[in-house]
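Descriptive structure summary
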Amino acid sequence: MPTVHLLDYVAGNIRSLVNAIEKLGYEVDWVRSPEDVPKAEKLILPGVGHFGHCMTQLSQANYLPAIKKHIEAGKPFMGICVGLQALFQGSEEDPEVPGLGVIPSYLTHFDESDKSVPHIGWNNANTGGKFMYDLRPDSKYYYVHSYKSPYRGTLEAQGWTVATGTYGTETFIGAIAKGNIYATQFHPEKSGVAGLRTIKAFLTGSGAQNLGADLPSDVASAGHKDGLTRRLIACLDVRTNDQGDLVVTKGDQYDVREKGADRNVRNLGKPVEMAKKYYESGADEVTFLNITSFRDCPLADLPMLEVLRQTSLTVFVPLTIGGGIRDTVDTDGTKVSALDIATMYFKSGADKVSIGSDAVLAAEEYYSLGKKLFGNTAIEQISRAYGRQAVVVSVDPKRVYVPKLDATRHAIVETKFPGPKGEAFCWYACTIKGGRETRDMDVVELTQAVEAMGAGEILLNCIDKDGTNSGFDLELIQQVKNAVKIPVIASSGAGNPGHFEEVFEKTTTDAALGAGMFHRGEYTVKQVKDFLQDKGLLIRQFDG
Ligand code: 1PR
């Protein structure tokens, strides 16, 4: 089997990259010390998290001279995400830390005055009509980053071929290549078939051969629209049923048991199979929520680890796992930190972890200590090790109606849907333990606290709407959108494609999630995307 060398220098969730390479018929050989670098013919430098952290790790382990030598020797080199950023002179993220300086430009933060940051989702890598590692004008690629190299159109004069993405009014470098060097800001291993294609062009060497030549005019001019697409996520709530099988289930307002006398846990299918079905139907991401904690088995045998391992072999879009991510004690009495649990999930193929109950408790402490951070919460620890983009906070709020504006200290919404006694106002109370316990904290307080701790995204459920098929809670979603800069995923209540159009048109949500309507077979992900496309919204279709 042909081999590619992968540099393993920093805690990272690179299992999906390995899976993608193996799927393409190549074998991964690990570079675990600078002495291994000269053995590499083709070298890939992946990267997640902070620019400074990655560069410091590389520098302290004395990798930088070996990488430079590899590049200067003209051997194939590919950088991914922070692996692309490493090629630049430096980044606003950590101004004192130098990059490799192969590309004479600096990285800057996205302007967050008019959009969510990080930039998360599917966007273009527009080559301007040039051949570049099989990047295609009508394909979309998965990005997640807060810093970018602004596109100025000057690097081409120095022999670089550049592909761009556009976010809001900013155009940035999505991929760049010259000679033996290829680097992508997006994650090709998470970009479905389009991503596998570009990795293949690197592995086979075909990408470097015609680099920068003109694409055939019919390909170059094929209709496409640049920009971030509307992101659609399929969510699978997973638990063991009373027979001990691991099943996908779905509740009505979080009650997952059938209405009949026997009250069985609803069984809607098998998690790995359903995830693959949604991927092939065009889901932009798949989220698994472990809604029971499987507490009676050792952590290393958690059934969700195997679900992730199996899913990541065939599903090449981002995978999120939630449920039970908190400091805990294993069955043998060993203390295990939330970071250890997250690491187990990342190593099994997850790209993000989602934290629910523990985030609420951490936020309570944050406020009780006068909004000070001590770096010890699960969110801070995981975000520091794996980057902000790897930490989602899942919020399970419930409406609390009040008769007048000053009836509570909480952030209020004037609602179009009055309460049982005609109350015209409400606030959203956070809950823990799958909605079983309501806390004296509103969604604005929670989301602002977790944003300060380093969460990268909010998964915003709504217990009142969950499983109702009555559409998203637009008032809740806009309240949270107004409160934070990080992206928000609208969840709970989707019953038909029109509900997705409504949430995208009437709120500024960054993504929308559906569960029951897909599991029950009422609509496919593709039908929702076709509907949104017909309405003129920019979406990504499965590129198979
Ligand atoms: O608290 O960190 O252990 O995480 C537990 C996780 O499990 C949380 O993310 C919490 O939301 C979730 N969870 C706990 N109990 C339930 C339950 O249903 N009994 N599921 C549950 C939450 C809600 C959504 C659902 C949408 C869309 N599921 O994810 O998929 O509401 O549904 P719809 O489109 O069918 O309306 P921790």
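Check the entry above for the structure.
Residues numbered from 1 in each chain as written. Predicted model: local features only at pLDDT ≥ 70, side-chain atom pairs only at ≥ 80, totals over all residues. Heavy atoms only, no water.

1. Comments concerning unusual backbone geometry
Along the chain, V117 connects to P118 via a cis peptide bond; the corresponding omega equals 10 degrees. Of note, P118 is situated in the loop between β6 (103-109) and β7 (119-123). The phi torsion at C81 lies on the positive side, around 55 degrees, for a residue other than glycine. On the accessibility criterion, C81 (5% relative accessible area) is buried. At N469, a position not held by glycine, the phi torsion is positive, near 60 degrees. Here N469 is to be found in the loop between β25 (457-460) and α14 (474-483). (Helix = DSSP H or I, 4+ residues; strand = E, 2+ residues; numbered from the N terminus. Buried < 20%, exposed > 50% of the residue type's maximum accessible area, 1.4 Å probe, protein only.)

2. Observations concerning the sheet that holds strand β11 (residues 170-178)
If you walk across this open sheet you meet the 7 strands as β2-β1-β3-β4-β12-β11-β10, and the pairing is mixed. Two strands close off the open sheet at either side, each with one partner strand: β2 (27-31) and β10 (161-167). The sheet shows a mean angle of 25 degrees between the axes of neighbouring strands, direction not considered. Pairing of strand β4 (residues 77-80) with strand β12 (residues 181-184) involves 4 bridges; the strand directions are parallel. Bridge pairing in β12 links M78 to Y182. (Pairing = 2+ DSSP bridges. Axes fitted to C-alpha atoms, helices over the stretch in contact; angles between N-to-C directions.)

3. Quick look at the pairing of strand β13 (residues 231-240)
When a strand is regular, its side chains alternate between the sheet's two faces. For β13, a buried count of 9 out of 10 residues is recorded, marking the element as mostly surrounded by other parts of the structure. Of the strand pairs in this sheet, β13 and strand β27 (residues 511-514) are connected by 4 bridges, and their pairing is parallel. Bridge pairing in β27 places R231 opposite A511. Pairing of β13 with strand β15 (residues 285-290) involves 6 bridges; the strand directions are parallel.

4. Notes on the site of the ligand
Taken together, 26 residues lie around the ligand, and S357, S394, D396, D466 and S492 are the ones closest in. The separation between an oxygen atom of the ligand and a polar side-chain atom of R326 is 3.1 Å. Contacts to the ligand include D466, whose side-chain N or O atom sits 2.6 Å from an oxygen atom. Against a free-state accessible area of 770 Å², the protein chains account for coverage of 96% of the ligand. If you map the ligand onto the pockets, it falls in the largest pocket. For the shell around the ligand, the secondary-structure elements that each account for two or more residues are β13 and β27. (Near = heavy atom within 4 Å. Polar contact = N/O pair within 3.5 Å; in protein donor to acceptor, adjacent residues only side chain to side chain. Areas by Shrake-Rupley, 256 points an atom, 1.4 Å probe, with all protein chains shown as cover. 1 Å grid on protein atoms, 1.4 Å probe; cavity = no way out; pocket = protein on both sides within 12 Å on 5 of 7 lines; lining within 4 Å. Sits in = over half its atoms within 2 Å of the grid points.)

5. Here's the deal with the side chain of E285
By the secondary structure assignment, E285 is in strand β15. Within polar-contact distance, the side chain of E285 engages the side chain of R231 at 2.6 Å. A polar contact of 3.0 Å, which involves the side chain of E285, links it to the side chain of K352. Once you skip the residues sitting within four places of it in the chain, E285 turns out to touch I120, Y142, R231, L232, I233, A234, V317, P318, T320 and K352. (Contact = heavy atoms within 4.5 Å.)

6. Observations concerning the pattern of salt bridges
The final tally for this structure, using the stated rule, is 35 salt bridges. E457 serves as the salt-bridge partner of K352, at 2.9 Å between the closest nitrogen and oxygen. Of this pair, K352 sits in strand β19 (residues 352-355) while E457 sits in strand β25, and the two are 105 residues apart along the sequence. Of the two residues examined, K352 and E457, each falls in the buried class. The structure contains a network of salt bridges with shared partners spanning D114, K115, K148 and E170. (Salt bridge = Lys/Arg side-chain N within 4 Å of Asp/Glu carboxyl O.)

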